[in-house]
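# Summary of structural features
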Amino acid sequence: MFFFEVLSSQLFLVILWSFSTIITSLVSVVSLPNNESVPALFVFGDSIVDTGNNNYINTIAKCNFRPYGKDFGAGNQPTGRFSNGLTPSDFIAAKFEIKKLLPPYLDPTLQRKGLLTGVSFASGASGYDPQTNKIASVLSLSDQLDKFREYKTKIHDMVGENTTTTIISKSVYILCTGNNDITNTFFTLPFRRLKYSISTYTDFMVSEAKKFLQDLHGLGARRIGILGLPKLGCVPSQRTLRGGFNRTCSEPENQAAMLFNKKLSSQIDILGKDFPDARLVYLDIYNPLSDMIQNPTKYGFEVANKGCCGTGNLEASVLCNPLTLEICSNRSNYIFFDSFHPTEKAYNILCSEVLDKNINKFF
Ligand SMILES: *[C@@H]1O[C@H](CO)[C@@H](O)[C@H](O)[C@H]1NC(C)=O
Ligand SMILES: *[C@@H]1O[C@H](CO)[C@@H](O)[C@H](O)[C@H]1NC(C)=O
Ligand SMILES: *[C@@H]1O[C@H](CO)[C@@H](O)[C@H](O)[C@H]1NC(C)=O
């Protein structure tokens, strides 16, 4: 494992810091090609990758209370991560041999080293659709990019021009959003369906993704991974809301996710040609999660259609809280921690499935 630190404005110092024993117990390690190193990880998107930004903004889309963080650190440490423990931002930072926890950018206690090795700008309940962000009053993608601009100025003051350029161009960027656009804004609320079909709505989402990626590239990002949507119709809350008496998967939502993914991955191919100096990597999460839900025992799970928190049917965010009567005794048996978000164990497996075979594409 490498710990990357910048010590002065002129001097780039890479400290080879072996803390592999800490990480390998949790994360399967893949080696980076050609002794490449990645100075920092920057993450944009929604609750899948928000590590606590929403703690600092005025929204109800929060989870900095029990039972979130049930298995984080020494246990019962709600941090603003929407799970019982580590989330993809952390696993991805570890995969790229950067650090084991990715802090939220809005954390006021962030120190120099924490900033220089990367942060999450993500905000739970956000989406590609500006309407999604307004409803939840959370950070839109353009707000997140503004924070990234502010970040660049901050580190420029700390380490100067050359080092900033290196950090910005060599780091890995991850975009993971769109979930709330489909499940909440399109399928739950009436407004968008008056104006859009699922076909035109997914076009709209992809056009927002394209704008974001162009802006991010314009700001200097060169190694960018973009997650598609998971099998949204099969997450516990959507089974409850739209799966009928037997809580089957909601096929319209699965179809929407697949359609979006197809359009997104073609758009990424096109942008990849526009930006030959960059690596844009589409990361499929749909198929890995689908297989996990269909064959839970293959991955060591017992429960695939309910969350661990409360009844598991609907509780998420504020509905999964200290008053929730009970949570499952063993989180390792569940794919989902609440009715929307996977457990640490499921996230860990999914991050390996998604990244291990794609990691070379970032270089
Ligand atoms: C920054 O990089 C340029 C070009 O590589 C080099 O000429 C210059 O000396 C560097 N500046 C500092 C302060 O290291
Ligand atoms: C629910 O499942 C049962 C047993 O498989 C089946 O008999 C029944 O028709 C299903 N009900 C609905 C509403 O799909
Ligand atoms: C929890 O479940 C996992 C996987 O089924 C099992 O290996 C582990 O021993 C269980 N832990 C406890 C405390 O029961």
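The protein chain carries the name Zeta-carotene desaturase in an unreviewed UniProt entry, which gives Vigna unguiculata as its organism. Of the protein chain, the UniProt comment under Sequence similarities (unreviewed entry) reads exactly: "Belongs to the 'GDSL' lipolytic enzyme family."

## Some details on the overall build of the protein chain
Broken down by element type, the protein chain carries 12 helices and 9 strands. The C-alpha atoms of the protein chain give 19 Å as radius of gyration, which agrees with the globular expectation for 363 residues (21 Å, within 12%). Seen through its C-alpha atoms, the protein chain measures out along the principal axes to roughly 65 × 45 × 40 Å. Counting across all 363 residues of the protein chain, residues that qualify as buried make up 50%.

## Considerations on the site of ligand 3
G300, N330, S332 and N333 make up every residue found near ligand 3. Each residue belonging to the shell around ligand 3 can be placed in one class, and the counts come to no nonpolar, 4 polar and no charged.

## Observations regarding the nonpolar core
By size, the foremost hydrophobic cluster in this structure holds 83 residues, and its most contacted members are L41, V43, I174, L175, I224 and I226. Ignoring any residue separated from it by four or fewer positions in sequence, one finds I226 in contact with L175, L264, I268, L280, V281, Y282 and L283.

## Quick look at the sheet that holds strand β6 (residues 223–227)
Spatially, the 5 strands line up as an open sheet ordered β4-β3-β5-β6-β7, and their pairing is parallel. Pairing within the sheet leaves two strands with one partner each, and these edge strands are β4 (118–120) and β7 (279–283). Averaged over all pairs of adjacent strands, the angle between their axes in this sheet comes to 15 degrees, without regard to strand direction. Here strand β3 (residues 41–45) runs beside β4; their pairing, made up of 3 bridges, is parallel.

## What about helix α6 (residues 179–186)?
When you tally the buried positions in α6, you get 7 out of 8 residues, the bulk of the element. Each element contacted by the buried residues of α6 is listed here: α4 (130–136), α7 (191–195), α8 (198–218), α9 (236–242) and α10 (251–274).

## Overview of the packing of α8 against α10
Two elements in contact, α8 and α10, have axes separated by 9 Å at closest approach and are oriented at 35 degrees. α10 is crossed by α8, and the crossing has right-handed handedness. The residues of α10 that touch α8, namely those facing I198, S199, T202, D203, M205, V206, A209, K210 and L213, are A256, L259, F260, K263, L264, Q267 and L271. Within the contact of α8 with α10, the residues separate by chemical class into 10 nonpolar, 3 polar and 3 charged.

## What about helix α11 (residues 286–294)?
All buried positions along α11 are accounted for by P288, L289, M292 and I293. Along the long axis of α11, the arc covered by the buried residues comes to 130 degrees, so they all point the same way. Buried-residue contacts for α11 involve β8 (303–307), β9 (334–336) and α12 (344–355).

## A closer look at the pairing of strand β5 (residues 172–176)
Among the 5 residues that make up β5, 5 are buried, leaving the element largely enclosed by the rest of the structure. Residues V172, I174 and C176 point to one face of β5 and Y173 and L175 to the other, with burial holding for every one of them. The pairing of β3 with β5 spans 5 bridges and is parallel. Of the residues in β5, the one forming a bridge with V43 is I174. With 4 bridges joining them, β5 and β6 adopt parallel strand pairing. From the neighbouring strand, Y173 faces β6, where its bridge partner is I224.

## Considerations on the packing of α11 against α12
For the pair α11 and α12, interaxial distance at closest approach is 9 Å and the crossing angle is 135 degrees. By the angle between their axes, α11 is oblique relative to α12. Along this stretch, α11 crosses α12, giving a crossing that reads as right-handed. Of α12, the residues touching α11 (which contributes P288, L289 and M292) are A346, L350, E353 and V354. Classifying every residue of the contact of α11 with α12 gives 6 nonpolar, no polar and 1 charged.

## What about the confidence of the model for the protein chain?
Averaged over all residues, the pLDDT of the protein chain equals 91, while 92% of them reach at least 70. The low-confidence segment residues 1–25 (pLDDT under 50) makes 39 contacts with residues lying over four places distant or belonging to another chain.

## A few points about the environment of F301
Positionally, F301 belongs in the loop between α11 and β8. Judged by the 20 C-beta atoms lying within 10 Å of it, F301 falls in the buried class. Sequence spacing of F301 and E161 is 140 residues, and the spatial spacing of their C-alpha atoms is 49 Å. In this view, F301 contacts P296, N333, Y334 and I335; residues no more than four positions away in its chain are not counted.

## Regarding unusual backbone geometry
For the bond from R66 to P67, the omega torsion is 5 degrees, close enough to zero to count as cis. By the secondary structure assignment, P67 is in the loop between β3 and α2 (88–95). Positive phi, normally seen in glycine, also occurs at S317, with a value near 50 degrees. Structurally, S317 is set in the loop between β8 and β9. Looking at S317, the number of C-beta atoms within 10 Å reads 23, which means it is buried.

Thresholds applied
- Residues numbered from 1 in each chain as written.
- Chains lettered and ligands numbered in written order.
- Predicted model: local features only at pLDDT ≥ 70, side-chain atom pairs only at ≥ 80, totals over all residues.
- UniProt positions renumbered as here; feature names shortened; annotations may be inferred.
- Helix = DSSP H or I, 4+ residues; strand = E, 2+ residues; numbered from the N terminus.
- Rg over C-alpha atoms; globule rule 2.2 N^0.38 Å.
- Buried ≥ 20, exposed ≤ 12 C-beta atoms within 10 Å, placed from the backbone.
- Near = placed C-beta within 6 Å.
- Nonpolar A, V, L, I, M, F, W, Y, C, P; charged D, E, K, R; others polar.
- Core = buried A, V, L, I, M, F, W, Y, C linked by C-beta atoms within 7 Å.
- Contact = placed C-beta atoms within 7 Å.
- Pairing = 2+ DSSP bridges.
- Axes fitted to C-alpha atoms, helices over the stretch in contact; angles between N-to-C directions.
- Left-handed = near helix turned anticlockwise from the far one by under 90°.
- Arc of directions from axis to C-beta.
- Parallel < 35°, antiparallel > 145°, perpendicular 65-115°, else oblique.
- pLDDT = per-residue confidence, 0-100.

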